[in-house]
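Coordinate analysis (summary)
Now for the letters of each chain:
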Amino acid sequence: MIAPSIVSEIRDLLGKGEISQREIARRLGISRGTVNAIALGRRADRSAGRRHDPSEFIPPAGVPVRCPTCGGKVQMPCLACQVRATKRRASAA
């Protein structure tokens, strides 16, 4: 995934029209296809509308054990279960 700051820089350079997509890709170290997708509006803006509450995240710690919810062997708390719970809350809202 490309950082939103890089995407905005690509859009700025494309808007100026001074250098080619190939040169933009070369300068920023990304593929020409990615630059072209941004230029054509085919690349979704993944940062728009994203809400993230850092207080919800609890980093995993300890020895891997079986998760009682999903059965996966993970470091608790189970990140997969946290993601599923977040998606359920988002779809319910």
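Anything mentioned here points back to the structure above.
Residues numbered from 1 in each chain as written. Predicted model: local features only at pLDDT ≥ 70, side-chain atom pairs only at ≥ 80, totals over all residues. Heavy atoms only, no water.

Quick look at the nonpolar core
Ranked by size, the top nonpolar core spans 9 residues in total: I2, V7, I10, L13, I24, A25, I30, V35 and I38. Mapped by element, the contributors of at least two residues to this core are α1 (4-16), α2 (21-28) and α3 (32-40). Setting aside anything within four residues of it in sequence, one finds L13 in contact with E18, I19, I24 and L28. (Core = buried A, V, L, I, M, F, W, Y, C linked by side-chain atoms within 4.5 Å. Buried < 20%, exposed > 50% of the residue type's maximum accessible area, 1.4 Å probe, protein only. Helix = DSSP H or I, 4+ residues; strand = E, 2+ residues; numbered from the N terminus. Contact = heavy atoms within 4.5 Å.)

Overview of the pattern of salt bridges
Scanning the entire structure with this criterion turns up 2 salt bridges. Put simply, R26 and E23 hold a salt bridge, and the shortest N to O gap is 3.2 Å. Taken together, the residues R26 and E23, both in helix α2 and 3 residues apart, mark about one turn of the helix. Classification of E23 by relative accessible area gives partly exposed; the value is 24%. E23 serves as the salt-bridge partner of R27, at 3.3 Å between the closest nitrogen and oxygen. Of this pair, R27 and E23 both sit in helix α2, 4 residues apart, which is roughly one turn of the helix. By relative accessible area, which is 54% here, R27 ends up exposed. Here the salt bridges share partners, and the residues they tie into one network are E23, R26 and R27. (Salt bridge = Lys/Arg side-chain N within 4 Å of Asp/Glu carboxyl O.)

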